[in-house]
Amino acid sequence: MPKATVVAIANQKGGVGKSTTAINLGAGLALQGERILIVDLDPQGNTSSGLGIDRSTIELSTYELLVDEDVAVADVVEPTSVLNLHIIPTTIELAGAEIELVSLFSREQRLKKALSDALDDYDFLLIDCPPSLGLLTINGLTAANEVLIPIQCEYYALEGVSQLTRNIALVKQNINPELEVEGVVLTMFDGRTTLSADVAAQVREHFVEKAYKTVIPRTVRLSEAPSYGEPIEAYDPMSRGAIAYRELSREFRRRHGRT
């Protein structure tokens, strides 16, 4: 049985739809029969709460997985309301891990080493990285085979992406030679504005075949769903956001040779 493909979802800008994409791509893949583990590597924990995890009751989280070598994936994994979809949740304690990791041996490799036990149990691991280029994100990139970059259809969309791609190249060169940019997904697209169309054209010109055909619209339903602790597929399956993420998950699977 092939080992799981590990995908880091990363962009150093905040508010671009990383957590929304982790939740809804993960749910879309799980509903198509893939076994999915989401790793919430962002101390804000939006992915954990967006999948209905009560962060105040979490005993072990991504933080312990990173800093304590005696903690295994099996100790921290939580089920979600979606069949085949599991999550390693996070708490605000993870914010302190950036500092603690500095003094630890093989600090960039901590997540990769911790997740190695889970690779036979899942088809895809999705790592929701924080909106920064610190040690947490470097751990995410080191553990991954691929990077998926959400880019919002707004002014300065590509600002920071060149820095991210430079960092991905550095990680590939120095730590993780397997790492590739798997794709770029356009989020928060507003079909009523020429700005969204212009940004989409700019991104497609820059990334060519790496850019997904599926575009995620800006919708109220997509922004409401996390407050109910549900992916959009469960919250409103007929909404434009649900249809878009369903199509994105199909396109993602096709790219990975799964039909």
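Above: the structure in question.
Owing to the predicted nature of the structure, the values given are computational and were not obtained by experimental measurement.

### As for the packing of aromatic side chains
Scanning all chains against the criterion turns up three aromatic pairs. Between Phe-124 and Phe-252 the ring centres are 5.2 Å apart and the planes differ by 70 degrees, which places this aromatic pair in the edge-to-face class. Here the residue Phe-124 occupies a position in strand S5 (residues 124-128), and Phe-252 occupies one in helix H12 (residues 240-255), the gap between them amounting to 128 residues. In terms of burial, Phe-124 and Phe-252 fall into one category: buried. The aromatic ring of Tyr-212 is capped on one face by Arg-255, whose charged end is 3.6 Å from the ring centroid.

### Brief notes about the layout of surface pockets
Of the volumes computed, that of the largest pocket is approximately 440 Å³. What lines the largest pocket is a set of 26 residues, among which Gly-15, Gly-17, Lys-18, Thr-20 and Met-188 lie closest to the centre. For the lining of the largest pocket, the elements supplying multiple residues, two or more each, are helix H1 (18-31), helix H2 (46-50) and helix H10 (220-224). Ranked by residues supplied to the lining of the largest pocket, first place goes to H1 with five residues. Per-class residue counts for the lining of the largest pocket are nine nonpolar, 13 polar and four charged. There is about 250 Å³ of room inside the second largest pocket. For the second largest pocket, the lining is made up of 14 residues, of which Leu-65, Glu-69, Arg-110, Lys-113 and Ala-114 are closest to its centre. Looking at the lining of the second largest pocket, the elements with two or more residues in it are helix H3 (62-67) and helix H6 (110-115). For the lining of the second largest pocket, the element with the most residues is H6, which contributes three residues. Of the residues in the lining of the second largest pocket, the class split is six nonpolar, three polar and five charged.

Rules used throughout
- Residues numbered from 1 in each chain as written.
- Predicted model: local features only at pLDDT ≥ 70, side-chain atom pairs only at ≥ 80, totals over all residues.
- Heavy atoms only, no water.
- Phe/Tyr/Trp six-rings, centres within 6.5 Å; stacked < 30°, edge-to-face > 60°.
- Helix = DSSP H or I, 4+ residues; strand = E, 2+ residues; numbered from the N terminus.
- Buried < 20%, exposed > 50% of the residue type's maximum accessible area, 1.4 Å probe, protein only.
- Lys NZ or Arg CZ within 6 Å of the ring centre and 35° of its normal.
- 1 Å grid on protein atoms, 1.4 Å probe; cavity = no way out; pocket = protein on both sides within 12 Å on 5 of 7 lines; lining within 4 Å.
- Points joined across faces, edges and corners; volume = space filled by probe spheres on them.
- Nonpolar A, V, L, I, M, F, W, Y, C, P; charged D, E, K, R; others polar.

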